[in-house]
Amino acid sequence: MKALTHGRFRGLDGHAALFDLATEPAAAPLATLRVAILESDIGRVTLRRQDGYRLDRGWAIAPDRAEPPFEGRLRDDFSGFANPASTVSEAGGIVTLAAAGLSAQVRLNPFGIAWYRYGEDRPLLRDRPTQAYFLSRKTGTLLHAMERHDDERHYGLGDKAGPLDRTGRRFAIDAVDPCGFDAELSDPLYKMLPFFIVDGPRGAHGIFYDNLALGSVDLGCTIDNYHGLFRSYRAEDGDLDYYVLAGPTVPEVTCRFSWLTGGQAFAPRWTLGFAMTTMTIADAPDADVRITGFIEDCRRHGIRCDSFHFGSGYTSIGERRYVFNWNRDKFPDPSATMARLKAAGMQPVTNIKPCLLDDHPRLAEARANGILVADGETGDPAVAQFWDGLGFHVDFTNPKGRQWWADGIRDALLAYGVTAVWSDNNEYEIWDEDAVCDGDGRPFPQGLARPAQALLMHKLAFETQAAQAPDKRPYTITRAGSAGIARYGQTWSGDNETAWKTLRYNLTQGLNMSLSGLYNIGHDVGGFHGPSPGPELLCRFVEFCALWPRMVMNSWKTNGIVNTPWMHPGVLPQVRSAMNLRHSLIPYLYTQMWRAAAEDVPAVRPLLWDFASDATGGAVEDAFMLGPDLLVAPVLEEGATTREVYLPAHPGGWYDWHDGTPFEGGRTVTVAAPLGRLPLFARAGAIVPIEDKEGLTAVAFGAPDHGGFGLVYVDDGETADWRKIGTTIEFRLRRDDAGFVLDVSGGELAAPIRVHGVGVPNLRFAGTEE
């Protein structure tokens, strides 16, 4: 690679500053760099080679939910942003671009950019002063290096494994199918998401590289005496096009990144119930009979299950799987199977995979229609290794491929009563260097945009379901993809290992997913791969997963013993208790997921989100906040019957959810944590909506000396027009001469609300019970 250390200012292009970059003052420029301020808190740097962009479009950027087309959003499209008027000045070899609340000081020699928030004299982000930009003339490789400080912490990068703070590690920007991954150490995993947050005494900022090629992010793993402390992003191909999110807090960065990439889809309410899937049932020769048995087992054991997710075994012919095929020996009447599940209160969800095996019954049709990712040298479909053998991937950048896939979803699945589809095994591990995507008539090497295929597969599933039932919100799931997948639906941490340490590191993995704009997330309950969980681990897994947005028990075990809630009768009451806790909190969780969709605020987040001024709380990695009111501290250690929990400083303290015990904030407490009792705390002043068979209850915690407020969002649970039809109801606590009164304002409920006080004497609400 060549170090681009010398810049020449060319002037303004609209509101952006243009620079030619070269290796020496008199050398011919190798690239043009564009610095722009798009919003008061968003800057952008785009580098264009002399022969143009490697890929002139992308699929991640969707400011303020401006949906990109399947063809992608052009890299030079600046629509959707405020694009404030800029001023530019030049003095002493530094060009300063300023607009709204942000400015960029560009040093010409050696070339580098320093970003400032208005009113601050220290940069929030500064390029490494020695050789910050590299570009290869022989390959597509590029590198960007930034100055780093030893008091900074790093978060984000999507579903990467390991601790919450990612400082000191290097991560591959790549995607594979790492079945049974180590949640502490494995890399890469499923998603390619080069976005990270830097937080420290200078405040927080974020950087997103809009590049879908293979690469890496180094957050202080490399130490080089010639450059001082630095972090870097490297891509094997593609374009250097990055966004600077100025913060200055972690929540502001995450919310802004969600806004930038299109936000979070709002899933139907039933998706917040417990769900079950297993390859074992759908793989069995008597699969339909086993599903009937599962429905009966749920009834017999008192387990509420709101959806059943079919593993791909329903598509099998022999030992192999063929998307959109129904095995009629296992499922003689798929419509009757779907109807039976729905009658039991379980929505059917089916797994689909984008690779057609080399003996797929419809392969000849797919080849004739040219809908597969191709080998650019031979013109034949590009061969890839898949689960059951070799195969060929559907190309979702091809309009004919999209139509074929949408027809399959509609005719082979939705027509039989399937409610939703789950896009799986879509990491697109096509390692043929000549593989080419159609690109909607403008082909490009598939290595430039592998995760775009997963994103477009996810988008197509969303839009196909929406077209089939336009009055209802779709529910779609994807395992792989890039930034932007949240705007279509749900994802999860993937095929985790059944192990105790998985609990601890799935927790931090999930928190970093939330900080990366992936809000509808969860983990496979009980562990997908590895040994079957014993009674204690199963119960702790259920507790751990009970208060994430996604709660799906999903497993594949070589011993054939599938994870079920009743697999260990000795802990079934405790498992049932944890599941019942989840279902009672669905009104609160549904409200948080509405906020995620409407306001770009994650439901699950680290303590540093809500308690940034509490240094001890900000470092907690073994607990999380569910919305603003509930602190969840799952048991993560084998054999533990108590749990030490740090409760952040908060006026009025905290209350134990289970028995109402009050605790002062700003200290570590030890609470009882027998099996089946998930340590859960409500902050003083919280008013939390819960439900049971009797209806909705507003539970108020603590007297209102420090404020008392709560919110519940209500709609029919699935309306597509939720922004207009849904309603919010606010609860406020006030004192009067007789005690405390709960005031309610906003929309109306179909049934009366009850009220209950914890640490609130003489609480009442007109027309309800205390």
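Since we're looking at a predicted model, the values are computed, not measured.

### Here's the deal with the domain arrangement of the chain
Then, in step 1: You can read the domains of the chain as domain 1 (2-261), domain 2 (606-681) and domain 3 (685-769).
Then, in step 2: A straight line from the C-alpha centre of domain 2 to that of domain 3 covers 23 Å.
Then, in step 3: Listed per partner, the contact involves seven residues of domain 2 and eight residues of domain 3.
Then, in step 4: With both sides pooled, the region where domain 2 packs onto domain 3 buries about 670 Å², and carbon together with sulfur makes up 78% of that total.
Then, in step 5: When the buried area of domain 2 at its contact with domain 3 is split by residue, D629, Y655 and W657 rank highest and sum to 69% of it.
Then, in step 6: Where domain 2 packs against domain 3, one counts zero salt bridges.
Then, in step 7: Applying the counting rule to domain 2 against domain 3 returns zero residue pairs in polar contact (both at pLDDT 80 or more).

### Quick look at the sheet that holds strand β28 (residues 374-375)
Either a parallel or an antiparallel arrangement is found when strands of a sheet pair, and the pairing is made through backbone hydrogen bonds.
Then, in step 1: An order of β28-β32-β33 is seen for the three strands of this open sheet, with the pairing classed as antiparallel. Pairing within the sheet leaves two strands with one partner each, and these edge strands are β28 and β33 (444-445).
Then, in step 2: Where β28 and strand β32 (residues 435-437) come together, two bridges link them in antiparallel fashion. Along β32, the bridge assignment pairs A374 with V436.

### Notes on the sheet that holds strand β45 (residues 687-692)
Then, in step 1: Taken together, three strands build an open sheet; the order of strands is β45-β46-β50 and the sheet is mixed. Two strands lie at the open edges of the sheet, namely β45 and β50 (754-758), each paired on one side alone. Across this sheet, the average inter-strand angle for adjacent strands is 30 degrees, counted without regard to direction.
Then, in step 2: Across the sheet, helix α11 (residues 586-599) lies against β45 and β46 (695-701), angled at about 125 degrees from β45, the strand it touches most.

### Regarding the pattern of salt bridges
Then, in step 1: Counting across every chain of the model gives 64 salt bridges.
Then, in step 2: A salt bridge links D297 to R300, with the shortest nitrogen-to-oxygen separation between them at 2.4 Å. Taken together, the positions of D297 and R300, both in helix α3 (residues 287-301) and three residues apart, correspond to about one turn of that helix.
Then, in step 3: On the accessibility criterion, R300 (51% relative accessible area) is exposed.
Then, in step 4: It is possible to trace a salt-bridge network through shared partners that takes in R44, R49, R75, D210, D239 and D241.

### Points about the nonpolar core
Then, in step 1: I352, W405, L585 and W657 are the most contacted members of the largest nonpolar core, which has 150 residues in total.
Then, in step 2: Ignoring anything within four residues of it in the chain, the contact list for W657 reads L581, L585, L630, L680, F681, A682, V688, I690 and F701.
Then, in step 3: Within the second largest apolar cluster, 45 residues are counted, among which are L4, L102, F111 and L157.

### Structural notes on helix α10 (residues 572-584)
Then, in step 1: Here α10 contains 13 residues, and its C-alpha end-to-end distance of 18 Å stays within 8% of the 18 Å for a straight helix at 1.5 Å per residue.
Then, in step 2: Regarding α10, the residues found buried are L572, V575, A578, M579, L581, R582, H583 and S584.
Then, in step 3: Buried residues in α10 make contact with α3, α9 (535-545), β36 (550-555), α11, β44 (680-683) and β45.

### Some points on the pairing of strand β48 (residues 727-736)
Then, in step 1: Of the pairings in the sheet, the one linking strand β47 (residues 709-714) to β48 comprises six bridges and is antiparallel in character. In the strand pairing of β48, Y713 is matched with T728.
Then, in step 2: Here β48 folds back onto strand β49 (residues 739-746) in antiparallel fashion, the turn holding two residues.

### Thoughts on the side chain of R49
Then, in step 1: Among the structural elements, R49 can be located in strand β5 (residues 42-49).
Then, in step 2: Side-chain polar atoms of R49 contact the backbone oxygen of G238, separated by 2.8 Å.

### Quick notes on the side chain of N512
Then, in step 1: Of note, N512 is situated in helix α8 (residues 500-515).
Then, in step 2: With relative accessibility at 0%, the residue N512 sits in the buried group.
Then, in step 3: A polar atom in the side chain of N512 sits 2.8 Å from the backbone nitrogen of G156.
Then, in step 4: Contacts of N512, omitting those with residues within four sequence positions, involve Y155, G156, G158, P163, L164 and R166.

Parameters at a glance
Counting from 1, residues in each chain are numbered in the order their sequence is written. Residue-level local features of this predicted model are given only where pLDDT is at least 70; pairs of side-chain atoms are given and counted only at 80 or more, and the full residue set underlies all totals for whole chains, interfaces and linings. Values shown for side chains rest on all heavy atoms present in the structure; no hydrogens or waters enter the calculation. Domain delimitation in this document rests on an assignment produced automatically or drawn from a domain database. Contact definition: two residues touch when any of their heavy atoms are within 4.5 Å. Buried area is understood as the total, over both parts, of accessible area removed when two parts are fitted together, assessed with a 1.4 Å probe. Any Lys or Arg side-chain nitrogen found within 4 Å of a carboxyl oxygen on Asp or Glu counts as a salt bridge. Polar contact is defined as a pair of N or O atoms within 3.5 Å, subject to the rule that within protein one atom must be able to donate a hydrogen and the other to accept it, and that residues adjacent in sequence are counted only when both atoms are side-chain atoms. Any two strands with at least two DSSP-identified bridges between them are counted as paired. Comment: elements are numbered from the N terminus, with helices defined as DSSP H or I runs of at least four residues and strands as E runs of at least two. Only the stretch in contact is used when a helix axis is fitted, and all axes are lines through C-alpha atoms; the angle between N-to-C directions ranges over 0 to 180 degrees. The buried label applies to any residue whose accessible area, calculated with a 1.4 Å probe on protein chains only, is under 20% of its type's maximum; exposed applies above 50%, and partly exposed to all values in between. Take the buried Ala, Val, Leu, Ile, Met, Phe, Trp, Tyr and Cys residues and link them wherever side-chain atoms come within 4.5 Å; each set so joined is a nonpolar core. For a helix, the expected span equals 1.5 Å multiplied by the number of residues minus one.

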